[in-house]
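Commentary on secondary and tertiary structure
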Amino acid sequence: MQQPISWYPGHMAKAKRLLTDQLKRIDAVIEICDARLPLSSRNPELDSLVRGKPRVLLLNKMDLARPEATQAWLQHFEAQGQSCLAIEMGKRRQGILKAVVALTEASLARSLRKGITRPARAMVLGVPNVGKSTLINYLAGRSAFKVQDRPGVTRAPQWINASPSLQLLDTPGLLWPKLDDPVAARRLSYIAAVRDEVVDVYHLALALLDELMVIAPQGVLERYKLQDEALRGQALLEAICKNRGFLLRGGQMDLERGATCVLDEFRAGLLGRITLEMPHDQG
Ligand SMILES: Nc1nc2c(ncn2[C@@H]2O[C@H](COP(=O)(O)OP(=O)(O)O)[C@@H](O)[C@H]2O)c(=O)[nH]1
Ligand SMILES: [Mg+2]
């Protein structure tokens, strides 16, 4: 498979500079990852970047992940002493606000000792497509609000009132995804954290189907009305094309269209609620 290259060292350096600058202004970090990929959708450099700033980890898109797997991940992170919460679009507003504000108590108390009473300040951080803008808009209560998150957009920081006691930086901190690890890079492509133009959809869909036939075959078999559980590789993709009637002139299967369909339907949760990695997968 082609390597999905959409981040260059220059991009990463710029994102890092921007982040370091923003960190000075905040009391806490709201890190978002994708509940389907709690390992691969995090940036391993974040620990050293945030340098001890209090942090809550939100496992977003829990509606797309397997509930028992999400519970296992929460227990895993809690056991590490990490504040964490599973969330999905448009839900748990109070829970999120409470978890963030709890992290900022020490920092606000320090301000108070200097005679300053102020709301807590936090920023949302994560790799592309985990739901940063969606969360900021939700907490800000303005669905029409457009959030900028291209790396390198420099301007004066704007604050949004999420509640009387919490302000959010309106620009999410964009982290580069973990692309040096081929397994993580491939899984990030499954969830569209890496753009499709830079990967080969045929090979990507085959790799995804390969994983799904191990961890969640039922969703695939039911969705495409397949009888043969042993189908793998191109034969499986062909059966899916056949089910959907994706034919080219001359009667050949339109594998590209089938591959795009599988990826789209997986991303939309139509193959079931699937978590691609578990805590014990960590090597
Ligand atoms: N199913 C589902 N989709 C979500 C959720 N949160 C965000 N999304 C979708 O994920 C995509 C990326 O969200 P966005 O906020 O733009 O991500 P960002 O790149 O991190 O800012 C959008 O299509 C959102 O509608 C969620 O909790 N569940
Ligand atoms: Mg965004």
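This one's a predicted model, so the numbers in the text were calculated from it and none came from an experiment.

Some thoughts on the pairing of strand β3 (residues 83-86)
Alignment of strand β2 (residues 55-60) against β3, held across four bridges, turns out to be parallel. Bridged to L57 within β3 is C84. Once you follow β2 into helix α3 (residues 67-79) and on to β3, the crossover reads as right-handed.

Quick word on the packing of aromatic side chains
According to the stated counting rule, one finds one aromatic pair in the structure shown. Seen from their ring centres, W73 and F77 are 5.4 Å apart, and the 25 degrees between their planes marks the pair as stacked. Here F77 and W73 lie together in helix α3, a separation of four residues that amounts to about one turn. Using a relative accessible area of 3% as the deciding quantity, one classes F77 as buried. Residue placement shows R121 over the ring face of W159; its charged tip is 4.0 Å from the ring centre.

So, the pairing of strand β4 (residues 120-126)
Burial analysis of β4 places six of its seven residues in the buried class, the great majority of the element. Sheet topology places β4 next to strand β6 (residues 166-169); three bridges connect them, and they run parallel. Pairing of A120 across the sheet is with L166, part of β6. Bridge analysis of β4 against strand β7 (residues 173-174) gives two bridges, and the strand direction is parallel. The residue of β7 that forms the bridge with L125 is G173.

Thoughts on the environment of R257
Here R257 shows up in helix α11 (residues 255-267). Of the residues examined, R257 reaches a relative accessible area of 45% and is grouped as partly exposed. Distance in space between the C-alpha atoms of R257 and I87 is 32 Å, their sequence separation being 170 residues.

What about the packing of helix α4 (residues 93-103) against helix α6 (residues 132-140)?
One way to put it is that α4 packs onto α6 with a least axis distance of 11 Å and a crossing angle of 95 degrees. With respect to each other, α4 and α6 are oriented roughly perpendicular. Contacts from R93, I96 and L97 in α4 reach L135, Y138 and L139 in α6. Partitioned by chemical class, the residues of the contact of α4 with α6 number five nonpolar, no polar and one charged.

Scoring rules and cut-offs
Residues numbered from 1 in each chain as written. Chains lettered and ligands numbered in written order. Predicted model: local features only at pLDDT ≥ 70, side-chain atom pairs only at ≥ 80, totals over all residues. Heavy atoms only, no water. Pairing = 2+ DSSP bridges. Helix = DSSP H or I, 4+ residues; strand = E, 2+ residues; numbered from the N terminus. Right-handed = clockwise from strand over helix to strand, strands pointing away. Phe/Tyr/Trp six-rings, centres within 6.5 Å; stacked < 30°, edge-to-face > 60°. Buried < 20%, exposed > 50% of the residue type's maximum accessible area, 1.4 Å probe, protein only. Lys NZ or Arg CZ within 6 Å of the ring centre and 35° of its normal. Axes fitted to C-alpha atoms, helices over the stretch in contact; angles between N-to-C directions. Parallel < 35°, antiparallel > 145°, perpendicular 65-115°, else oblique. Contact = heavy atoms within 4.5 Å. Nonpolar A, V, L, I, M, F, W, Y, C, P; charged D, E, K, R; others polar.

Everything listed here is a matter of geometry and, on its own, says nothing about what the molecule does.
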